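If you want the building blocks of each chain, they are given just below.
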Amino acid sequence: MRPLTERWPKPVLPIDGRPVIGSLARELAAAGLTRATVVTGHLAEQVEALLGDGRAFGLELRYVRQPSPDGSADAVRRAVAAGARPPLLVTAADTLFRPGDVRRFVDAFDSSDEGAAIAVGPDGGWAPLWGLPDAVTGVLDDLPGPPYELLRAVEQAGVEIARIEIGKTRDLTDPLDFVRENVPYLP
């Protein structure tokens, strides 16, 4: 996504003309969540300024910084150290889910007999949406790395992973998709 991400962090870039992190915050609130810990990194102040205290999105927000991009498990470890308590819903801030998919994921994770859960799209590929129990957060300090990744933490915790199907996601990881989705007048 460079050179865009040299000036703006991915979470503040738009999908459908709105910053993805704002749309995601609204979807989390619509799923019934009331509190969230936002782990920020590169150009963190832009994300924090956009979201503020979270009330405009229907959430109570807390921020914690990840000084270097040391992986998803490191981000969760920092959120737990800042007071987040399992079970946790973890998502990447550069991905949008179809309306209602986060709620369906939360409900399925809550009723699952498995220890952890991951979202799976219609194509069978996983989406960056996790449900994590305390068994997983308990091993975060013992992971080899960096990078410290959630899949490794789940494996080390020895818990089963429920695969919860959701709809198609949209994300900012592919520059061509970003242009195609946000600049429709280009061929």
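First, a word on scope: everything that follows refers to the structure included in this document.

Cut-offs applied
Residues numbered from 1 in each chain as written. Predicted model: local features only at pLDDT ≥ 70, side-chain atom pairs only at ≥ 80, totals over all residues. Heavy atoms only, no water. Helix = DSSP H or I, 4+ residues; strand = E, 2+ residues; numbered from the N terminus. Rg over C-alpha atoms; globule rule 2.2 N^0.38 Å. Contact = heavy atoms within 4.5 Å. Areas by Shrake-Rupley, 256 points an atom, 1.4 Å probe, with all protein chains shown as cover. Lys, Arg positive; Asp, Glu negative; His and termini not counted. Charge placed at Lys NZ, Arg CZ, Asp CG, Glu CD. Pairing = 2+ DSSP bridges. Axes fitted to C-alpha atoms, helices over the stretch in contact; angles between N-to-C directions.

## Structural notes on the overall build of the protein
Moving on, step 1. Summing up its helical and strand segments, the protein has eight helices and ten strands in all.
Moving on, step 2. Relative to a compact globule of 187 residues, whose C-alpha radius of gyration would be 16 Å, the protein shows 16 Å and is just as compact.
Moving on, step 3. When the backbone C-alpha atoms are referred to their principal axes, the protein occupies close to 50 × 35 × 30 Å.
Moving on, step 4. At a minimum sequence separation of 6, the contacts of the protein that also span at least 24 residues come to 67%.
Moving on, step 5. Accessible surface, the protein: about 10,100 Å² in total, of which carbon and sulfur atoms supply 52%.
Moving on, step 6. The centroid of the 20 positive side-chain charges in the protein is displaced by 6 Å from the centroid of its 27 negative side-chain charges.

## Some points on the sheet that holds strand E8 (residues 126-132)
Whether parallel or antiparallel, the strands of a sheet pair through hydrogen bonds between backbone atoms.
Moving on, step 1. Strand order in this open sheet of four strands is E5-E8-E7-E9, and the pairing throughout is mixed. Both edges of this open sheet fall to strand E5 (88-91) and strand E9 (161-165), since each of them pairs with a single strand only. Neighbouring strand axes in the sheet, compared pairwise and without regard to direction, differ in orientation by 25° on average.
Moving on, step 2. Both E5 and E8 contribute to a ladder of four bridges, which runs antiparallel. Its bridge partner lying in E8, Thr 91 is registered against Leu 129.
Moving on, step 3. Those strands touched by helix H7 (residues 150-157) are E5, strand E7 (116-120), E8 and E9, and its axis lies near 40° from that of E8.

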